[in-house]
Amino acid sequence: MSILNYKAIVGGPKGDQGPQGIQGNPAPTPLKVVGTSNIAFTNTSTTETNTLNIPANYLTVGSNYELRLTGSVVKTSIVNSNLVINLKLNSTNILVLTMALGTATFTGNGRGFEVQGTFTVRAGGVSGSLFSELSGVVSTNKPVTSNITNTTTVNTTIANTVTIRANSSNANTTGTIRAYTIKEVF
């Protein structure tokens, strides 16, 4: 077990290392990135949010991360359009969630959306793997969940970068990411 990825040891009086970590070394603060500024997006200029930088050899089997993204989307034309959310690892899509917006317009403040997801490391090493899942809903529309059955290959021995990207599928559909988090949960 890596000291860097150490979470807690439970045991008797001598075995319980608590928040001090192994042999008195402090337990690390879980990794996280938090977006607090509005980020506008369209169909042509997709914006990647801040990144979660994961150090080399930090990802271990069972490492679990969650993400949450909220925002709003505006449609000014009666045309089919989608809101597309990408979860990327080192600039490669590991998951794409497409939420159909239909043909109705929603102007003014638009409609709010929320996306939640997780990714979990299943194997470590140069040919490690992780499994990711996203679900999302746009205001009054039906919720959508990704239907992923395959894992994604990840090299856990190198530094990895996780990003979220949002865009629309039509020029008359724009949006704003209001807030997001990507954080290590265990």
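Remember, it's a predicted structure, so these values are computed and weren't measured experimentally. Think of each chain on its own: its residues are numbered from 1, step by step along the sequence as written. With the structure being a predicted model, the display of local features is reserved for residues of pLDDT at least 70 and the display and counting of side-chain atom pairs for 80 or more, all residues being used for whole-chain, interface and lining totals. Hydrogens and water molecules were not included; the side-chain quantities draw on all heavy atoms of the structure.

With a phi angle near 65°, Asn57 is a residue other than glycine that sits in the positive phi range. By secondary structure assignment, the location of Asn57 is in the loop between β4 (52–54) and β5 (64–75). By definition, any uninterrupted DSSP run of H or I lasting at least four residues is a helix, any uninterrupted run of E lasting at least two residues is a strand, and each is numbered from the N terminus.

Tracing the backbone shows Ser129 in strand β9 (residues 128–138). By the convention used here, residues are in contact when the closest approach between their heavy atoms is within 4.5 Å. When near neighbours in sequence (up to four residues on either side) are disregarded, Ser129 contacts Thr120, Val121, Arg122, Ala123, Thr151, Thr152, Thr153 and Val154.

What follows concerns the pairing of β5. Burial classes follow relative accessibility: with a 1.4 Å probe on protein chains only, a residue under 20% of its type's maximum area counts as buried, one over 50% as exposed, and anything between as partly exposed. Within β5, 9 of the 12 residues are buried, which leaves the element mostly enclosed by the surrounding structure. Strand pairing requires that DSSP identify at least two bridges connecting the strands. The sheet contact formed by β5 and strand β8 (residues 106–123) spans 11 bridges and is antiparallel. Following the sheet pairing, Leu69 is matched in β8 by Val115. Across 11 bridges, β5 lies against strand β13 (residues 173–184) in antiparallel orientation. By the bridge assignment, Lys75 is partnered in β13 with Thr173.

Every other side chain in a regular strand lies on the same face of the sheet, so the side chains alternate between the two faces. With burial as the criterion, only one face of strand β1 (residues 32–35) is covered, namely that bearing Val33 and Gly35; the residues Lys32 and Val34 on the opposite face remain uncovered. One ladder, built from 4 bridges, connects β1 with β13; its direction is antiparallel. For Gly35, the partnering residue across the bridge sits in β13 and is Tyr180.

So, about the nonpolar core. Within the largest apolar cluster, 36 residues are counted, with the highest numbers of intra-cluster contacts made by Ile85, Leu87 and Phe113. Discounting chain neighbours no more than four positions away, the residues touching Leu87 are Leu67, Thr92, Asn93, Ile94, Leu95, Phe119, Ser132, Leu134, Val162, Thr163 and Ile164. Definition of nonpolar core: a set of buried residues of the types Ala, Val, Leu, Ile, Met, Phe, Trp, Tyr and Cys, connected through side-chain atoms within 4.5 Å.

Within the element layout of this structure, Glu184 appears in strand β13. Given the relative accessible area of 6%, Glu184 is considered buried. A distance of 2.6 Å separates the side chain of Glu184 from the side chain of Tyr58, its partner in a polar contact. Any pair of N or O atoms that falls within 3.5 Å is considered a polar contact. Within protein, one atom must be able to donate a hydrogen and the other to accept it, and sequence-neighbouring residues count only if both atoms are side-chain atoms.

Pairing of aromatic rings covers Phe, Tyr and Trp, the last counted by its six-membered ring, and requires centre-to-centre distances within 6.5 Å; plane angles under 30 degrees mean stacked, over 60 mean edge-to-face, and any other angle means tilted. Per the stated rule, a full pass over the model turns up 2 aromatic pairs. Geometrically, the ring pair formed by Phe41 and Phe113 is edge-to-face, given 6.4 Å between the ring centres and 70° between the ring planes. Taken as a pair, Phe41 in strand β2 (residues 39–41) and Phe113 in strand β8 lie far apart in primary sequence, 72 residues in all. Both residues of the pair, Phe41 and Phe113, count as buried.

One rule of thumb: low pLDDT means the predicted coordinates there are not for detailed reading. Think of pLDDT as the predictor's per-residue confidence, scored from 0 to 100. For the chain, the average pLDDT comes to 83, and 84% of its residues sit at 70 or higher. Within the chain, the element-level pLDDT minimum falls on strand β3 (residues 47–48), averaging 74, and the maximum on β5, averaging 94. Confidence drops under pLDDT 50 across residues 1–21; counting only partners more than four residues distant or on other chains, this segment forms 35 contacts.

Time to look at the pattern of salt bridges. Definition used for salt bridges: Asp or Glu carboxyl oxygen within 4 Å of a side-chain nitrogen of Lys or Arg. Scanning the model with the defined rule gives 2 salt bridges in all. Two residues, Glu66 and Lys183, come together in a salt bridge whose shortest N-O distance is 3.6 Å. Linking Glu66 in strand β5 with Lys183 in strand β13, this pair joins segments that are 117 residues apart in sequence. When its relative accessible area of 31% is taken as the criterion, Glu66 is described as partly exposed. Looking at Lys183, the relative accessible area reads 34%, which means it is partly exposed. The shortest N-O distance in the salt bridge between Arg68 and Glu114 comes to 2.9 Å. In this pair, Arg68 is assigned in strand β5 and Glu114 in strand β8, connecting sequence segments 46 residues apart. Overall, the relative accessible area of 41% leaves Arg68 in the partly exposed class. Given a relative accessible area of 27%, Glu114 falls into the partly exposed group.

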